Amino acid sequence: MPLLRNARLVLPDAVVDNGRLGVDGEWITAIGADDDGDAVPHAETLDLAGHWVVPGFVDMHVHGGGGASYTGGQPDQAHRAFEFHRTHGTTTSIASTVATAVDELERVVCGLSELVEDGLLTGIHLEGPFISAARCGAHDPALLRTPEAGVLRRLLDQGRGAIRMVTVAPELDGGVRAVRQLVDAGVIAALGHTDASYEQARAAIDAGVTVATHLFNAMRGLHHRDPGPVVAALESDEVTVELINDGLHLHDAVARMVFRAAGPHRVALITDSLSTTGAGDGDYRLGPLAVRVVDGVARLVDSDTIAGSTLTMDAALRRAVTVGGIPIEQACRAASTTPAKVLGLGHLVGSLAVGKRADLVVLDADLRVAAVMVAGHWVSRPRWL
Ligand SMILES: [Zn+2]
């Protein structure tokens, strides 16, 4: 029953300096200021020496990391990718696929769904093949297709409830119908990799879209006479917008503008990270495509297109605060609370509160990860703690 004291606790709407947090088993059982007095004896009291304690990060869009990938559905690869991101503070992950032939995607979904049942992953996000060739980014245009009801049904059946989100370009034939099919099946419909007009995006949101997949990236741009999906998403209270906040995919001023326009309760920081993350520069595969990483930037070998990211959630949070000027409690909301809520997990994870699972990250004064706790157990912990 550890008691963390002398911590800077980041709560959903406030920071508590000289805070303390009690853990019993898997759960957070007490939160307060150090001078509140301690009614409950704790077996182990740990002095955090003024370090930040923030909720474990929830990454709702990640393809891999640490040299391993989720996109093939192999358990050993998935465990390595998960463990890599966990050292960077991600305690809840949705595994994202890439566009591939439907038979192959069924096999991937089947493999990943077993990892969801085992509790390693929280769900699967199908990114492709139901996306626009005009905005395919790092997905192979030859493998894209329209979202026919039967194909979508087959994939959802194969997932046995593990598919939590599907990205669709709503302007495709059957796109809006597919949004309705997803919503009826209890799956999050995300709009992305899309060339939709503002009106087409609005129709998709009216049909049930609640997430915009990496806002701005791989979608029609924002123009004052052609506002496109960006404005449709930003002005819709029911839509949460994903941001790849690495300073490459978005200018820091744009990320700041999105926090102001949507509010942190509608922004989800994601990594969209590939196996290349944390594995150094070199040549890699993203599904069927060849990717080269130079100076930490992943691009398709055959073009100049940025291919996913080499971002980790701690780096996304750090950049939001130190470069973007976003208050830390807002940045933590976007890294944990908001994605947890979108995924229907807000009762369990995503914030530091009594009754929530003790998933937390200890950050130093420079917002670098010092320790990670999952369900009350330290998975990494420095000697001083
Ligand atoms: Zn992605």
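To be clear, the structure that these remarks concern was listed above.
Rules used throughout
Residues numbered from 1 in each chain as written. Predicted model: local features only at pLDDT ≥ 70, side-chain atom pairs only at ≥ 80, totals over all residues. Core = buried A, V, L, I, M, F, W, Y, C linked by C-beta atoms within 7 Å. Buried ≥ 20, exposed ≤ 12 C-beta atoms within 10 Å, placed from the backbone. Domains from an automatic or database assignment. Contact = placed C-beta atoms within 7 Å. Pairing = 2+ DSSP bridges. Helix = DSSP H or I, 4+ residues; strand = E, 2+ residues; numbered from the N terminus. Axes fitted to C-alpha atoms, helices over the stretch in contact; angles between N-to-C directions. Parallel < 35°, antiparallel > 145°, perpendicular 65-115°, else oblique. Left-handed = near helix turned anticlockwise from the far one by under 90°. Nonpolar A, V, L, I, M, F, W, Y, C, P; charged D, E, K, R; others polar.

## Looking at the nonpolar core
Working step 1: In terms of nonpolar packing, the biggest core is built from 120 residues, with Val 53, Leu 112, Leu 243 and Leu 269 touching the most fellow members.
Working step 2: Shared between two domains, this core takes at least three residues from each, and those domains are domain 1 (2-54 + 350-380) and domain 2 (57-341).
Working step 3: Not counting chain neighbours up to four residues away, the residues in contact with Val 53 comprise Leu 4, Ala 7, Arg 8, Leu 9, Val 10, Leu 21, Leu 48, Leu 352, Leu 360 and Val 362.

## Here we look at the sheet that holds strand β16 (residues 282-286)
Working step 1: The antiparallel open sheet is built from 3 strands, whose spatial order is β16-β17-β18. Both edges of this open sheet fall to β16 and β18 (297-300), since each of them pairs with a single strand only. Averaged over all adjacent pairs, the angle separating strand axes in this sheet is 35°, with direction ignored.
Working step 2: Of the strand pairs in this sheet, strand β17 (residues 289-294) and β18 are connected by 4 bridges, and their pairing is antiparallel. Of the residues in β18, the one forming a bridge with Arg 292 is Arg 299.

## Looking at unusual backbone geometry
Working step 1: Note the cis peptide between Gly 128 and Pro 129, where omega equals 15°.
Working step 2: Notably, Asn 18 is not glycine yet its phi reads approximately 50°, a positive angle.
Working step 3: You can see Asn 18 is positioned in strand β2 (residues 15-24).
Working step 4: Here Asn 18 falls in the partly exposed class, since 15 other C-beta atoms lie within 10 Å of it.

## Let's talk about the sheet that holds strand β15 (residues 267-270)
Working step 1: If you trace the 8 strands from one edge of the open sheet to the other, you get β6-β9-β10-β11-β12-β13-β14-β15, paired in parallel fashion. Unpaired on one side and paired on the other, β6 (57-62) and β15 mark the two borders of the sheet.
Working step 2: Across 2 bridges, the pairing between strand β12 (residues 188-191) and strand β13 (residues 211-212) is parallel. Of the residues in β13, the one forming a bridge with Ala 190 is Val 211.
Working step 3: Each of β6, β9 (90-96), β12, β13, β14 (240-244) and β15 is contacted by helix α9 (residues 328-342), which is oriented at about 110° to β15, the strand it contacts most.

## Remarks on the packing of helix α4 (residues 175-184) against helix α5 (residues 198-207)
Working step 1: Closest axis-to-axis distance for the α4/α5 pair is 9 Å, and the angle between their directions is 20°. One finds that α4 runs roughly parallel with respect to α5. Relative to α5, α4 is oriented so that their crossing is right-handed. Every residue of α5 that contacts α4 at Gly 175, Val 176, Val 179 and Arg 180 is listed here: Ala 203, Ala 204 and Ala 207.
Working step 2: Classifying every residue of the contact of α4 with α5 by side-chain character gives 5 nonpolar, 1 polar and 1 charged.

## Digging into α4
Working step 1: Among the residues making up α4, those that are buried are Gly 175, Val 176, Ala 178, Val 179, Gln 181 and Leu 182.
Working step 2: In this fold, the buried residues of α4 make contact with α3 (149-159), β11 (163-168), β12 and α5.
Working step 3: Phi turns positive, to about 75°, at Gly 186, one or two residues after α4.

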